[in-house]
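Structure at a glance
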Amino acid sequence: MALWNSSTWGSSFILVGILNDSRAPELLCAMITVLYMLALASNGLLLLVITTDVRLHVPMYLLLGQLSLMDLLFTSVVTPKALVDYLRRENSISFGGCALQMFLALTLGGAEDLLLAFMAYDRYVAICHPLNYMIFMSPRVCWLMVATSWILASLSALGYTVYTMHYPYCKAQIKHLLCEIPPLLKLTCTDTSRYELMVYVMGVTFLIPPLAAILASYTLILFTVLHMPSNEGKKKALVTCSSHLTVVGMFYGAATFMYVLPSSFHSPKQDNIISVFYTIVTPALNPLIYSLRNKEVMGALRRVFGKHSLTTHSAF
């Protein structure tokens with residue numbers, strides 16, 4: 001059987017995702033299509049509102065806009081190809097396409113991992129040190145956080161992608177929704193145990209510190225909220241933070257399962273379900289979790305569409 005390596009860019013893999021193994025692929029395809037359209041609409045709308053409404057030009061919503069951008073790109077890296085492949089009954093992906101998809105997915109996943117930690121810090125400063133908020137969260141600091149998320153994630157993704165794709169591959173069938181490290185390593189012709197250990201260690205290193213920072217931030221926030229004299233202030237703080245914690249739980253739960261749990265805990269079916277969750281379901285739900293429970297976002301939505309409606313009527 002032919003081998004695949006970093007020089008054979010004309011070779012192809014076969015992606016056998018959840019649609020191919022499902023008992024009701026047509027129904028699942030329809031559900032994934034609806035979720036993808038919801039992700040496009042909700043994240044795109046949230047980005048539009050945050051960009052156009054000057055009242056939302058504050059660090060909290062700048063970071064939220066970046067989260068929506070990451071979700072929008074992440075689901076678009078995976079979902080359209082999966083749907084088109086199923087409809088065309090053509091599941092191949094070139095060696096170069098596989099490498100690109102892996103790089104983009106790892107970059108966007110890693111950037112979101114870091115961004116969620118920065119968002120937790122933003123909430124900690126806003127609730128625990130409100131008088132110094134614009135000092136600790138100045139526009140410069142905020143953009144530095146955004147740049148750090150993208151740069152560190154892309155450098156890490158580049159290293160992982162280059163090293164993963166340099167192996168010779170004896171099999172072409174990837175039993176997964178997208179090109180990711182764990183399912184790809186099962187196709188290699190050589191022993192990858194050391195690299196798998198490195199992936200595990202790096203996964204823990206990349207996931208645990210941000211998660212620890214998030215937990216520390218919200219522990220301090222909880223102590224502060226419990227000592228607030230105003231019940232209205234307590235409620236507002238808890239609603240804002242619970243939205244963030246819901247997103248954190250969904251993201252880190254899936255990432256931990258995929259990159260921290262040992263390979264003995266993995267099966268192709270479980271990995272496919274988890275991959276659908278963090279590439280399709282989570283990007284669709286994130287903006288709804290934030291916007292539906294946030295009065296400022298809902299108010300901005302009404303203002304933006306109110307202006308659009310007035311402009312349309314005046315045109316006639």
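Residues numbered from 1 in each chain as written. Predicted model: local features only at pLDDT ≥ 70, side-chain atom pairs only at ≥ 80, totals over all residues. Heavy atoms only, no water.

In the annotation of an unreviewed UniProt entry, the protein is listed under the name Olfactory receptor family 2 subfamily AG member 1 and assigned to Sciurus vulgaris. On record in UniProt, under Subcellular location (unreviewed entry), the comment for the protein is "Cell membrane". (UniProt positions renumbered as here; feature names shortened; annotations may be inferred.)

1. Comments concerning the pairing of strand 1 (residues 12-15)
Here strand 1 shows a clear split, with Phe13 and Leu15 buried on one side and none of Ser12 and Ile14 buried on the other. Sheet analysis places strand 1 next to strand 2 (residues 92-94), joined by 3 bridges and oriented antiparallel. Of the residues in strand 2, the one forming a bridge with Phe13 is Ile93. Sheet topology note: the strand 1/strand 3 (residues 173-174) ladder contains 2 bridges and is parallel. (Buried < 20%, exposed > 50% of the residue type's maximum accessible area, 1.4 Å probe, protein only. Helix = DSSP H or I, 4+ residues; strand = E, 2+ residues; numbered from the N terminus. Pairing = 2+ DSSP bridges.)

2. Description of the packing of aromatic side chains
Aromatic ring pairs: the centre-centre distance and the angle between the two ring planes describe each pair. With the rule as written, the count across this model stands at 8 aromatic pairs. Ring geometry for Tyr163 and Tyr195: centres 4.8 Å apart, planes at 40°, overall tilted. Pair noted here: Tyr163 is in helix 6 (residues 139-165) and Tyr195 is in helix 8 (residues 193-226), with a separation of 32 residues, a long-range link. Of the residues examined, Tyr163 reaches a relative accessible area of 40% and is grouped as partly exposed. Seen in terms of ring centroids, Tyr167 and Tyr195 are 5.8 Å apart; in terms of plane orientation they differ by 50°. Their pairing is tilted. One end of the pair, Tyr167, is in the loop between helix 6 and strand 3; the other, Tyr195, is in helix 8, and 28 residues separate them in sequence. In terms of burial, Tyr167 and Tyr195 fall into one category: buried. Here the aromatic cluster, defined as three or more aromatic residues joined through ring pairs, consists of Phe13, Phe95 and Tyr169. Directly above the aromatic system of Tyr86 lies the positively charged group of Arg89, at a separation of 4.6 Å from the ring centroid. (Phe/Tyr/Trp six-rings, centres within 6.5 Å; stacked < 30°, edge-to-face > 60°. Lys NZ or Arg CZ within 6 Å of the ring centre and 35° of its normal.)

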